[in-house]
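What follows is the residue order along each chain.
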Amino acid sequence: PVPVTPSPIVVVEVKPEVPTEIPLVKEVAVPQIPTRATKILANSDFSSELNHWDKIETPGGTKILQVTYDTMDYPEVLEFKRIGRVKEKGEFGISQSLNLDISKAPLLMVGADVKAIYSSLDSDEDRVYPIMIELEYQDAEGNVNTWKHGFLYDEPFKQTILNYTEIGEKIPKNKWYSYSSPNLIELLVPKPKLLTKLKIYGAGMGFKGMVDNVKLVTEGTIPPAEKPSEVVAMV
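The structure displayed is predicted, hence computed values, not measured ones. (Residues numbered from 1 in each chain as written. Predicted model: local features only at pLDDT ≥ 70, side-chain atom pairs only at ≥ 80, totals over all residues. Heavy atoms only, no water.)

Moving on, we get to the pairing of strand β3 (residues 77-83). Counted residue by residue, β3 has five buried out of seven residues, so it is predominantly covered. The pairing of strand β2 (residues 62-68) with β3 spans seven bridges and is classified as antiparallel. Each bridged residue has a counterpart across the sheet, and for isoleucine 64 the counterpart in β3 is lysine 81. Pairing of β3 with strand β11 (residues 206-217), which is carried by six bridges, proceeds in the antiparallel orientation. Across the sheet, the residue bridging to isoleucine 83 is glycine 206, located in β11. (Buried < 20%, exposed > 50% of the residue type's maximum accessible area, 1.4 Å probe, protein only. Helix = DSSP H or I, 4+ residues; strand = E, 2+ residues; numbered from the N terminus. Pairing = 2+ DSSP bridges.)

Here it is as C-alpha coordinates:
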(Lines give C-alpha, C1' and ligand atoms only; values in the text may rest on other atoms or scores of the structure.)
Protein backbone atom coordinates (compact mmCIF):
# COMPACT_ATOMS: atom_id res chain seq x y z
CA PRO A 1 0.00 0.00 0.00
CA VAL A 2 1.04 3.60 -0.72
CA PRO A 3 1.72 5.56 2.53
CA VAL A 4 -0.51 8.60 3.04
CA THR A 5 1.32 11.81 3.96
CA PRO A 6 -0.78 13.94 6.35
CA SER A 7 -1.65 17.45 5.15
CA PRO A 8 0.13 20.21 7.07
CA ILE A 9 -2.00 22.10 9.64
CA VAL A 10 -2.22 25.77 8.81
CA VAL A 11 -2.79 28.07 11.77
CA VAL A 12 -4.52 31.27 10.73
CA GLU A 13 -4.03 34.21 13.09
CA VAL A 14 -7.18 36.21 13.35
CA LYS A 15 -6.49 39.89 14.06
CA PRO A 16 -9.19 42.22 15.26
CA GLU A 17 -10.20 44.92 12.90
CA VAL A 18 -8.54 48.23 13.62
CA PRO A 19 -11.08 51.04 13.48
CA THR A 20 -10.23 53.82 11.16
CA GLU A 21 -11.15 56.34 13.90
CA ILE A 22 -10.38 55.82 17.56
CA PRO A 23 -13.26 57.17 19.66
CA LEU A 24 -12.21 59.85 22.11
CA VAL A 25 -12.84 59.32 25.82
CA LYS A 26 -14.91 62.22 27.06
CA GLU A 27 -13.68 63.86 30.25
CA VAL A 28 -16.33 64.18 32.90
CA ALA A 29 -16.17 67.57 34.55
CA VAL A 30 -15.84 67.46 38.33
CA PRO A 31 -18.40 69.82 39.86
CA GLN A 32 -16.84 72.76 41.64
CA ILE A 33 -18.04 73.33 45.18
CA PRO A 34 -18.54 77.02 45.80
CA THR A 35 -16.65 78.24 48.83
CA ARG A 36 -17.84 81.85 48.99
CA ALA A 37 -20.01 82.76 51.96
CA THR A 38 -21.81 86.01 52.45
CA LYS A 39 -20.17 88.01 55.22
CA ILE A 40 -23.17 89.23 57.14
CA LEU A 41 -22.09 89.44 60.76
CA ALA A 42 -19.74 92.17 61.91
CA ASN A 43 -17.12 91.37 64.56
CA SER A 44 -18.16 87.75 64.98
CA ASP A 45 -14.88 86.86 66.70
CA PHE A 46 -15.24 89.74 69.20
CA SER A 47 -11.84 91.21 68.34
CA SER A 48 -13.40 94.69 68.54
CA GLU A 49 -15.14 94.28 71.89
CA LEU A 50 -18.94 94.36 71.50
CA ASN A 51 -19.11 96.81 68.61
CA HIS A 52 -21.97 96.04 66.17
CA TRP A 53 -23.84 94.00 68.82
CA ASP A 54 -26.81 95.02 70.98
CA LYS A 55 -27.40 93.86 74.54
CA ILE A 56 -30.16 91.42 75.51
CA GLU A 57 -31.09 91.95 79.16
CA THR A 58 -34.00 90.90 81.34
CA PRO A 59 -34.30 93.05 84.48
CA GLY A 60 -33.13 91.52 87.76
CA GLY A 61 -30.17 89.47 88.87
CA THR A 62 -26.45 90.26 88.94
CA LYS A 63 -25.00 90.26 85.43
CA ILE A 64 -21.62 90.47 83.68
CA LEU A 65 -21.24 90.88 79.92
CA GLN A 66 -17.71 91.35 78.59
CA VAL A 67 -15.05 90.38 76.06
CA THR A 68 -12.33 88.54 77.92
CA TYR A 69 -9.26 86.30 77.51
CA ASP A 70 -9.74 82.54 77.90
CA THR A 71 -6.80 80.70 76.29
CA MET A 72 -4.13 81.37 73.69
CA ASP A 73 -6.48 79.85 71.12
CA TYR A 74 -9.35 82.03 72.37
CA PRO A 75 -7.81 85.36 73.41
CA GLU A 76 -10.97 87.49 72.87
CA VAL A 77 -14.27 85.79 73.57
CA LEU A 78 -17.72 86.85 74.69
CA GLU A 79 -18.51 85.97 78.31
CA PHE A 80 -21.97 86.32 79.81
CA LYS A 81 -22.93 85.56 83.39
CA ARG A 82 -26.17 85.95 85.34
CA ILE A 83 -26.93 85.12 88.97
CA GLY A 84 -30.61 85.47 89.82
CA ARG A 85 -32.69 84.96 92.91
CA VAL A 86 -34.87 81.90 93.44
CA LYS A 87 -37.51 81.65 90.69
CA GLU A 88 -36.11 84.82 89.08
CA LYS A 89 -35.30 83.76 85.56
CA GLY A 90 -34.11 85.93 82.72
CA GLU A 91 -32.15 86.24 79.49
CA PHE A 92 -28.78 87.90 79.07
CA GLY A 93 -26.51 88.19 76.04
CA ILE A 94 -26.22 89.95 72.69
CA SER A 95 -28.04 90.28 69.38
CA GLN A 96 -27.37 91.66 65.92
CA SER A 97 -30.10 93.02 63.67
CA LEU A 98 -30.19 91.77 60.07
CA ASN A 99 -32.25 92.58 57.01
CA LEU A 100 -31.46 89.75 54.63
CA ASP A 101 -33.77 88.35 51.96
CA ILE A 102 -33.23 84.58 52.01
CA SER A 103 -36.37 83.61 50.09
CA LYS A 104 -34.26 82.14 47.28
CA ALA A 105 -31.20 81.09 49.25
CA PRO A 106 -30.23 77.41 48.82
CA LEU A 107 -28.41 77.32 52.14
CA LEU A 108 -28.71 78.86 55.60
CA MET A 109 -26.39 77.70 58.38
CA VAL A 110 -25.42 79.15 61.73
CA GLY A 111 -22.71 78.06 64.13
CA ALA A 112 -20.33 79.08 66.90
CA ASP A 113 -17.71 77.86 69.33
CA VAL A 114 -19.33 77.61 72.78
CA LYS A 115 -18.16 76.86 76.30
CA ALA A 116 -20.68 76.03 79.04
CA ILE A 117 -19.25 76.88 82.46
CA TYR A 118 -22.18 77.06 84.88
CA SER A 119 -25.93 76.48 84.95
CA SER A 120 -28.47 76.36 87.76
CA LEU A 121 -31.35 74.90 85.69
CA ASP A 122 -32.16 72.25 83.14
CA SER A 123 -34.26 73.32 80.17
CA ASP A 124 -37.78 74.03 81.41
CA GLU A 125 -41.18 74.94 79.98
CA ASP A 126 -39.69 78.09 78.43
CA ARG A 127 -37.58 75.86 76.15
CA VAL A 128 -34.36 77.68 76.93
CA TYR A 129 -30.85 76.56 77.86
CA PRO A 130 -27.89 78.27 79.60
CA ILE A 131 -26.33 78.91 76.18
CA MET A 132 -28.64 79.69 73.26
CA ILE A 133 -28.23 80.49 69.56
CA GLU A 134 -31.41 81.93 68.06
CA LEU A 135 -32.49 83.25 64.67
CA GLU A 136 -35.51 85.45 64.05
CA TYR A 137 -37.06 85.48 60.58
CA GLN A 138 -40.21 86.50 58.75
CA ASP A 139 -42.18 84.18 56.52
CA ALA A 140 -44.00 85.14 53.30
CA GLU A 141 -46.98 86.37 55.35
CA GLY A 142 -44.82 88.71 57.43
CA ASN A 143 -45.17 86.64 60.62
CA VAL A 144 -42.16 86.55 62.96
CA ASN A 145 -40.77 83.06 63.63
CA THR A 146 -37.77 81.78 65.58
CA TRP A 147 -35.30 78.92 65.37
CA LYS A 148 -33.16 78.16 68.41
CA HIS A 149 -30.52 75.71 69.57
CA GLY A 150 -29.30 75.34 73.16
CA PHE A 151 -26.46 73.70 75.08
CA LEU A 152 -26.42 71.93 78.45
CA TYR A 153 -23.82 69.89 80.36
CA ASP A 154 -23.79 67.19 83.05
CA GLU A 155 -22.50 67.90 86.55
CA PRO A 156 -19.89 65.46 87.91
CA PHE A 157 -22.36 64.03 90.44
CA LYS A 158 -25.69 65.05 88.91
CA GLN A 159 -27.00 64.26 85.47
CA THR A 160 -28.86 67.17 83.92
CA ILE A 161 -32.01 66.60 81.91
CA LEU A 162 -32.19 67.46 78.22
CA ASN A 163 -35.92 68.16 78.20
CA TYR A 164 -36.16 69.37 74.61
CA THR A 165 -33.76 67.37 72.46
CA GLU A 166 -35.11 68.88 69.25
CA ILE A 167 -33.64 72.26 70.19
CA GLY A 168 -30.72 71.28 72.43
CA GLU A 169 -27.77 69.02 73.05
CA LYS A 170 -25.39 68.09 75.86
CA ILE A 171 -21.78 69.21 75.60
CA PRO A 172 -18.71 68.74 77.83
CA LYS A 173 -18.54 71.11 80.78
CA ASN A 174 -15.85 73.79 80.75
CA LYS A 175 -14.53 72.77 77.32
CA TRP A 176 -14.81 74.51 73.95
CA TYR A 177 -17.28 72.84 71.61
CA SER A 178 -17.83 73.61 67.92
CA TYR A 179 -21.42 73.68 66.66
CA SER A 180 -22.70 73.93 63.09
CA SER A 181 -26.40 73.72 62.29
CA PRO A 182 -27.87 71.67 59.46
CA ASN A 183 -29.16 73.49 56.38
CA LEU A 184 -32.04 75.42 57.92
CA ILE A 185 -33.58 76.22 54.54
CA GLU A 186 -34.60 72.55 54.36
CA LEU A 187 -35.92 72.43 57.93
CA LEU A 188 -37.67 75.68 58.78
CA VAL A 189 -41.46 75.70 58.65
CA PRO A 190 -42.88 78.06 57.58
CA LYS A 191 -40.31 78.79 54.91
CA PRO A 192 -38.18 81.85 55.76
CA LYS A 193 -38.25 84.95 53.61
CA LEU A 194 -36.43 87.66 55.58
CA LEU A 195 -33.74 87.03 58.17
CA THR A 196 -34.09 89.75 60.83
CA LYS A 197 -31.96 88.95 63.90
CA LEU A 198 -29.31 86.65 65.39
CA LYS A 199 -29.16 86.23 69.18
CA ILE A 200 -26.43 84.70 71.36
CA TYR A 201 -27.44 84.54 75.01
CA GLY A 202 -27.99 82.57 78.18
CA ALA A 203 -31.36 81.90 79.81
CA GLY A 204 -32.47 80.72 83.24
CA MET A 205 -31.81 81.80 86.84
CA GLY A 206 -28.04 81.42 86.92
CA PHE A 207 -25.65 80.64 84.10
CA LYS A 208 -22.20 81.42 82.75
CA GLY A 209 -20.95 80.75 79.24
CA MET A 210 -18.48 81.83 76.57
CA VAL A 211 -18.96 82.15 72.80
CA ASP A 212 -16.61 82.89 69.91
CA ASN A 213 -16.35 82.61 66.12
CA VAL A 214 -20.05 83.08 65.41
CA LYS A 215 -20.82 82.02 61.83
CA LEU A 216 -23.74 82.78 59.53
CA VAL A 217 -23.65 81.36 56.00
CA THR A 218 -26.36 82.01 53.42
CA GLU A 219 -24.87 80.66 50.20
CA GLY A 220 -22.61 77.84 49.06
CA THR A 221 -23.04 74.07 49.27
CA ILE A 222 -20.34 72.90 51.66
CA PRO A 223 -21.85 70.72 54.39
CA PRO A 224 -20.57 71.14 57.98
CA ALA A 225 -17.67 68.93 58.98
CA GLU A 226 -18.23 66.29 61.63
CA LYS A 227 -18.35 68.00 64.99
CA PRO A 228 -15.45 67.29 67.33
CA SER A 229 -16.08 67.15 71.05
CA GLU A 230 -13.51 69.88 71.48
CA VAL A 231 -12.60 72.70 69.16
CA VAL A 232 -9.32 72.49 67.29
CA ALA A 233 -7.70 75.89 67.13
CA MET A 234 -8.15 77.55 63.77
CA VAL A 235 -5.09 78.99 62.05
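Throughout the structure, instances matching the rule amount to eight salt bridges. The shortest N-O distance in the salt bridge between lysine 208 and glutamate 79 comes to 3.9 Å. Of this pair, lysine 208 sits in strand β11 while glutamate 79 sits in strand β3, and the two are 129 residues apart along the sequence. Several salt bridges share partner residues, and in doing so they unite Lys55, Glu57 and Lys63 into one network. (Salt bridge = Lys/Arg side-chain N within 4 Å of Asp/Glu carboxyl O.)

Before going further, it helps to examine the pairing of β11. When a strand is regular, its side chains alternate between the sheet's two faces. Pairing between strand β5 (residues 109-119) and β11: nine bridges, direction antiparallel. The residue of β11 that forms the bridge with alanine 116 is glycine 209.

Relative to the elements of secondary structure, isoleucine 83 occurs in strand β3. Along the primary structure isoleucine 83 and glycine 60 are separated by 23 residues, whereas in three dimensions their C-alpha atoms are 9.0 Å apart. Among all residues touching isoleucine 83, those that are not within four sequence positions of it are Gly61, Thr62, Tyr118, Met205 and Gly206. (Contact = heavy atoms within 4.5 Å.)

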